[in-house]
Amino acid sequence: MKIAQISDLHMGAEEKTLGIVDAAGKLEKLVAHINGLQPDLVLVSGDIAHEGSVAETTRAAALLANLTAPYYLTPGNHDTRSALQAAIPQAALPARESGHLSYCIEAETLRIIALDSSDPDAPHGRICPARAAWLETTLAASDTPTLIFMHHPPIKFAVEETDKPPMEGADMLAKVVARHPQIERILCGHIHLMAQALWHGRLVMTAPSLGMRLSWHPDHIKTSGFFDTPPAFLWHMHNEDGVLLSHEFTLDQPDGPFGFS
Ligand SMILES: [Fe+2]
């Protein structure tokens, strides 16, 4: 299985996001690049739109439609569920339930669970009892190796803006996750940086933003902002020994490649 993960597009409706970031141009380039890599599927881990409008979401959907592989999407705190349901094809967002847009895909040798961590009234993540129960039931149905993808990481990554407040219900999620060793990754976005940590025995990874990398300091001594960065993404694949690998790539244009000898 070869999976590309895109996150935090922050698409504007017409102009550059915040007057700075050409999210549409970056997404167009990244879609073309990912198509060249021929993944089996693409995951989009939230913040598709910058202000959650139908126009922004529609613009993103038009560009994502150029992906040759099927793509699947989960809401972020900048998205609105109604805009996603209006603009995103059902194939890419199979959940149409009220309450939360979570769903499970059976993809060859992997199960992929999209867990909706968004709260329509708050920027922080939220796992309510209904979602924890849904996840427990879904995980209990199969021991197949599983990826969970969700917008908000369940742990604090020393990022001021997203640690406070932390995810509501993370303790409930932790109890479910700890019971299911078939979870190979918990793939998130939200913090606009690639980061990883073991959490209750499972590897949590965050994807970089499409093109708005967070400016960051470990001691929170500077107010963070963002850099207008080249398109970036994560790539997950099994090697020939069945081990799931994860790589981060940025579409910058460094000199090279050069030989090692
Ligand atoms: Fe974001």
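Since the structure is predicted, the reported quantities are computational estimates derived from the model, not experimental observations. (Residues numbered from 1 in each chain as written. Predicted model: local features only at pLDDT ≥ 70, side-chain atom pairs only at ≥ 80, totals over all residues.)

K.L.:
Any chance you could explain the overall build of the protein here in plain terms?
P.N.:
Broken down by element type, the protein carries six helices and 13 strands. The C-alpha atoms of the protein give 17 Å as radius of gyration, which agrees with the globular expectation for 261 residues (18 Å, within 12%). Overall, the protein is about 50 × 45 × 40 Å in size when its C-alpha atoms are taken along their principal axes. When the 261 residues of the protein are sorted by exposure, 44% land in the buried category. Looking at the protein alone, contacts between residues at least 24 apart form 68% of all its contacts between residues at least 6 apart. (Helix = DSSP H or I, 4+ residues; strand = E, 2+ residues; numbered from the N terminus. Rg over C-alpha atoms; globule rule 2.2 N^0.38 Å. Buried ≥ 20, exposed ≤ 12 C-beta atoms within 10 Å, placed from the backbone. Contact = placed C-beta atoms within 7 Å.)

K.L.:
Please explain the sheet that holds strand β8 (residues 195-199) as it appears in this structure.
P.N.:
Read across the sheet, six strands follow the order β4-β5-β6-β7-β9-β8 without closing on themselves; strand pairing throughout is mixed. Two strands in the sheet have a free side with no partner beyond their single neighbour: β4 (103-107) and β8. Averaged over all adjacent pairs, the angle separating strand axes in this sheet is 20°, with direction ignored. As paired strands, strand β6 (residues 146-149) and strand β7 (residues 183-188) are joined by four bridges and run parallel to one another. Bridge pairing in β7 places L147 opposite R185. (Pairing = 2+ DSSP bridges. Axes fitted to C-alpha atoms, helices over the stretch in contact; angles between N-to-C directions.)

K.L.:
Please clarify how helix α6 (residues 170-178) should be interpreted in this entry.
P.N.:
Every α-helical turn comprises 3.6 residues, leaving residues that sit three or four positions apart pointing alike. What α6 keeps buried is the set L173, V176 and V177. Along the axis of α6, the buried positions cluster into a sector of 95°, meaning they face one direction only. Opposite its buried face, α6 presents the exposed residues D171 and K175, each directed more than 90 degrees away. In this structure, the buried side of α6 is in contact with α4 (129-140), β7 and β9 (202-206). (Arc of directions from axis to C-beta.)

K.L.:
Quick question: what am I supposed to make of the nonpolar core here?
P.N.:
The tendency in soluble globular proteins is for nonpolar side chains to be buried side by side. Counting residues in hydrophobic clusters, the biggest one holds 66 residues, and the most contacted among them are I148 and L187. Ranked by residues supplied to this core, first place goes to helix α1 (residues 23-37) with five residues. Residues within four places of L187 in sequence aside, it is in contact with Q5, L43, S45, L147, I148, F149, M205 and A207. (Core = buried A, V, L, I, M, F, W, Y, C linked by C-beta atoms within 7 Å.)

K.L.:
How should I be thinking about the pairing of β9 in this particular structure?
P.N.:
Within a regular strand, side chains alternate between the sheet's two faces. Counting buried residues in β9 gives four out of five residues, a clear majority hidden from the surface. As paired elements, β7 and β9 share three bridges and run parallel to each other. Bridging across to β9, I186 finds its partner in V204. Bridge count for β8 against β9 is five bridges, and the pairing is antiparallel. If you follow A195 over to β9, its bridge partner there is T206.

Without other data, these values stay purely geometric and don't point to any function.
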